[in-house]
Amino acid sequence: MKNTNEIQNRMFADLENPAIFEKAQQYGRKYLDEIFDRNVYPTEDALQDLNNFDEPLPTSSSDAINVLNLLQRFGSPATVATIGSRYFGFVSGSAVPAGLAAKTLATYWDQAPAMHVLSPIGSKLETVVEKWLKNLFNLPDRTVAGFVSGTSTANFCGIAAGRYRLLQRLGWNINDQGMFNAPKLRIVTGKHAHSTVLKAISLLGFGKSNIEWVAVDDQGRIDPTQLPSLDERTILILQAGNVNSGSFDDFNRICKIAKDAKAWVHIDGAFGLWAAAVSKLKHLTNGMEFANSWAVDGHKTLNTPYDCGVILCEDQEAIKSALHMSGSYIVTSEQRDGMFYTPEMSRRARIIDLWATMKYLGKTGIDEMILGMHQRAVQFATEIKKITGFKVLNHVVFNQVIICCENDVLTEKVMRKIQEMRECWAGGSVWQDHKVIRISVCSWATTPKDISRSVQSFEKALVECQ
């Protein structure tokens, strides 16, 4: 009891000590002040200094300021500047200032919006943002939203809802009877389906070896003429934004075929679904409203802070039943109880920073920001094409550019050199059996100057590697 009282008293004192929280704010502000000038990737010295965190768990408690100082000294230099303007490696996204500030405030609130009774503000904002998203994406009014950590989880939820509904129509209750001896369902998707889709398929017990793969065209889009005959036992998974090329499946054509067959259609739209919010790009998502469920991230294209994913489903009963939760201690209400639309009960109130980002930007701001990412991707492709030795392999329809050199060895070598130079950061991938460098433009802060500066880094790397 003595030790417990001592640490309890210490924490009360720390809670009342403004210096601790002011120090965290000071370090955070310093980070933001330097973000556009620092190396995009940590230096070798910074990575080596991470060894300072290797220690046994301390026996005694530590001073709070000292804990923050350690994070500032050794942690901050070892961060990747994804929040900056020249990180193109993964579709990570930056953070809109208002959303970042709202997340800071929400951290102090420490809300868990599983139930209205746990967080009335969380419940209210989830209700509001659900309406905003339906309007922005032009989805059926009956659509409901669950706010999850990211599209990995959102894909899982959408496919789970489809599994529940199709089996229910066949007279099988998956919650009571399980998967053993259940009617066999079919999984149909394109050969370029994202790995998170494959993970969800595996976790839901379908087995990756049972996938019916559909051929894709030279941009990674499902070829509608190659679709197998669909039926009421089929879950069809489409893509809004190929992870390499950024291409979109033909939703208008394919969804109508699936609807006539009574198949369930899920769209993996991690970063690409946001094209629906842009007047000059929404043609890419024509017909997506005919699907049954949609997965999208806020922390990618919308630039909310991490983590922020959304599952949207037009079948409320299916998603609530698929993610069933009950207990004698649960307190439900006439208001929104968010746990019925997500797998988790305990989760942070990510809705606060999502609401703040959307409120701050508005429809016009979202349109302009996302269109700007597309324009910067087009600029990157245009400028890199002028350099002898580089080739752009995709049609830049959204925010992705895939580049190669004259052979795989040189492409790999140039990519490594670019990463070592740290002027910008790009990752590698494989496209049509060839190694490529993948550019993902997904930060609100990326300017035309950033693109030209990054292309110059590519050119310098190529010269040094030849």
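That block above? That's the structure.
Residue numbers here run from 1 along each chain, matching the order of that chain's written sequence. Selection of residues for local features in this predicted model requires a pLDDT of at least 70, selection of side-chain atom pairs for listing and counting requires 80 or more, and totals for whole chains, interfaces and linings are taken over all residues. To obtain the side-chain values, all non-hydrogen atoms of the structure were used and water was disregarded.

Draft legend 1. Structural detail: the overall build of the protein. Along its length, the protein carries 14 helices and 11 strands. Here the C-alpha atoms of the protein give a radius of gyration of 24 Å, agreeing with the 23 Å that 2.2 N^0.38 yields for 466 residues. With the principal axes as the frame, the protein shows a C-alpha extent of 70 × 65 × 45 Å. Sequence-distant contacts, at least 24 apart, represent 73% of the contacts inside the protein between residues at least 6 apart. Only the protein chains shown count as cover for residues, with accessible areas throughout obtained via the Shrake-Rupley method and a probe of 1.4 Å. By element, 51% of the accessible surface of the protein is carried by carbon and sulfur atoms, the whole surface being about 21800 Å². When charges are counted, Lys and Arg contribute as positive and Asp and Glu as negative, whereas His and the chain ends are disregarded. Throughout, a charge is located at the NZ atom of Lys, the CZ atom of Arg, the CG atom of Asp or the CD atom of Glu. Taken together, the 50 basic and 50 acidic charged side chains of the protein have centroids lying 3 Å from each other. The helix count covers DSSP runs of H or I at least four residues long, the strand count covers runs of E at least two residues long, and both are numbered beginning at the N terminus. Based on C-alpha atoms, the radius of gyration is set beside the globule rule, defined as 2.2 Å times the residue count to the power 0.38. By definition, residues are in contact when any of their heavy atoms lie within 4.5 Å.

Draft legend 2. Up close: helix α14 (residues 448–465). Multiplying 1.5 Å by the residue count of a helix minus one yields the expected span of that helix. The terminal C-alpha atoms of α14 lie 26 Å apart, and with 18 residues this matches the ideal 26 Å at 1.5 Å per residue to within 8%. In this structure, the buried side of α14 is in contact with α12 (351–385), β9 (400–404), α13 (408–421) and β11 (434–440).

Draft legend 3. Here's a closer look at the sheet that holds strand β2 (residues 186–190). On the basis of which strands lie adjacent, the open sheet formed by 7 strands has the order β1-β7-β6-β5-β4-β2-β3 and mixed pairing. The sheet terminates laterally at β1 (144–148) and β3 (211–214), the two strands that pair on one side only. Each strand axis lies, on average, 20 degrees off the axis of its neighbour in the sheet, ignoring direction. Orientation is described by axes fitted as lines to C-alpha atoms, over the contacting stretch for helices, and by angles from 0 to 180 degrees between their N-to-C directions. Taken strand by strand, helix α7 (residues 151–169) contacts β1, β4 (234–239), β5 (264–268), β6 (293–297) and β7 (309–313), and its axis lies near 180 degrees from that of β5. The sheet contacts of helix α10 (residues 251–260) involve β4 and β5, and relative to β4 the element is tilted by about 175 degrees. Strand pairing is defined by DSSP finding a minimum of two bridges between the two strands.

Draft legend 4. Up close: a nonpolar patch on the surface. Without a salt bridge and with relative accessible area above 30%, a residue can belong to a patch; like charges are then joined within 9 Å and nonpolar side chains (Val, Leu, Ile, Met, Phe, Trp, Tyr) within 5 Å. By definition here, a salt bridge exists when the distance from a side-chain nitrogen of Lys or Arg to a carboxyl oxygen of Asp or Glu is within 4 Å. Side chains of Leu15, Phe21, Leu105, Tyr108, Trp109 and Ile121 sit close together on the surface and give an oily, nonpolar patch of about 590 Å² of accessible area. Top contributing element to the nonpolar patch by residue count: helix α5 (residues 97–109), with 3 residues.

Draft legend 5. View of the pattern of salt bridges. The full count for this structure, using the stated rule, is 23 salt bridges. With its nearest N and O atoms 3.2 Å apart, the salt bridge here joins Asp231 to Arg186. Highlighted residues: Asp231 in the loop between β3 and β4 and Arg186 in strand β2, separated in sequence by 45 residues. Buried, partly exposed and exposed residues are distinguished by accessible area as a fraction of the type maximum, computed with a 1.4 Å probe on protein chains only: under 20%, between the cut-offs, and over 50%, respectively. Judged by relative accessible area, which is 24%, Asp231 ranks as partly exposed. Measuring nitrogen to oxygen at the nearest pair gives 3.3 Å for the salt bridge that ties Arg350 to Asp307. Highlighted residues: Arg350 in the loop between α11 (316–322) and α12 and Asp307 in the loop between β6 and β7, separated in sequence by 43 residues. Owing to a relative accessible area of 4%, Arg350 belongs among the buried residues under this scheme.

Draft legend 6. Just the sheet that holds β9, in detail. Pairing is antiparallel in the open sheet, where 4 strands are placed in the order β8-β9-β11-β10. Edge positions in the sheet fall to β8 (391–392) and β10 (427–431), since each of these pairs with one other strand and no more. Contacting β9, β10 and β11, α13 crosses the sheet at an angle of about 35 degrees to β11.

Draft legend 7. Focus on the state of the cysteines. Disulfide: a pair of cysteine sulfur atoms within 2.5 Å of each other. Applying the stated rule across the entire model yields 0 disulfides. Cys308 carries a free sulfur, and the closest cysteine sulfur to it, the one in Cys157, is 14 Å from it. Here Cys313 stays unpaired: no disulfide links it, and the sulfur of Cys157, its closest cysteine neighbor, is 9.6 Å away. Residue classification places Cys313 among the buried residues on the basis of a relative accessible area of 0%.

Draft legend 8. Quick peek at the packing of helix α6 (residues 120–137) against α12. At a minimum axis distance of 10 Å, the contact between α6 and α12 shows a crossing angle of 30 degrees. The orientation of α6 relative to α12 falls into the category roughly parallel. Here α6 and α12 pass one another in a crossing that is left-handed. Across from Gly122, Leu125, Glu126, Val128, Val129, Trp132, Leu133, Asn135 and Leu136 in α6, the residues of α12 making contact are Ile351, Ile352, Leu354, Trp355, Met358, Lys359, Lys363 and Ile366. Comment on the angle field: the value is read as roughly parallel under 35 degrees, roughly antiparallel over 145, roughly perpendicular from 65 to 115, and oblique elsewhere. By convention, the crossing between two helices is left-handed when the near helix turns anticlockwise from the far helix through less than a right angle, and right-handed when the turn is clockwise.

Draft legend 9. View of the packing of aromatic side chains. Note on aromatic pairs: the rings of Phe, Tyr and Trp (six-membered ring only in Trp) are paired at centre separations within 6.5 Å, and the planes decide the class, stacked below 30 degrees, edge-to-face beyond 60, tilted for the rest. Summed over all chains, the structure comprises 11 aromatic pairs. For the ring pair Tyr41 and Trp425, a centre distance of 5.9 Å and an interplane angle of 20 degrees mean the geometry is stacked. Of this pair, Tyr41 sits in the loop between α2 (18–34) and α3 (44–49) while Trp425 sits in the loop between α13 and β10, and the two are 384 residues apart along the sequence. The exposure class assigned to Tyr41 is partly exposed, which follows from its relative accessible area of 27%. Look at Trp425 and you get buried, because its relative accessible area is 12%. A centroid spacing of 6.2 Å and a plane angle of 15 degrees characterise the contact between Phe271 and Phe398, whose relative ring orientation is stacked. Pair noted here: Phe271 is in the loop between β5 and β6 and Phe398 is in the loop between β8 and β9, with a separation of 127 residues, a long-range link. Across this residue pair, the class does not change: Phe271 and Phe398 are buried. Members of the aromatic cluster, each reached through a chain of ring pairs, are Tyr41, Tyr87, Phe90 and Trp425. Whether a charge sits over a ring comes down to the Lys NZ or Arg CZ being within 6 Å of the ring centre and within 35 degrees of the ring normal. Note that Lys320 overlies the ring of Phe340, its terminal NZ or CZ placed 5.3 Å from the centroid.

Draft legend 10. A look at the environment of Ala46. Counting through the fold element by element, Ala46 comes out in helix α3. For the pair Ala46 and Arg163, spaced 117 residues apart in sequence, the C-alpha separation works out to 47 Å. Sequence-distant contacts of Ala46, that is, excluding residues within four places in its chain, are made with Pro77 and Ala78.

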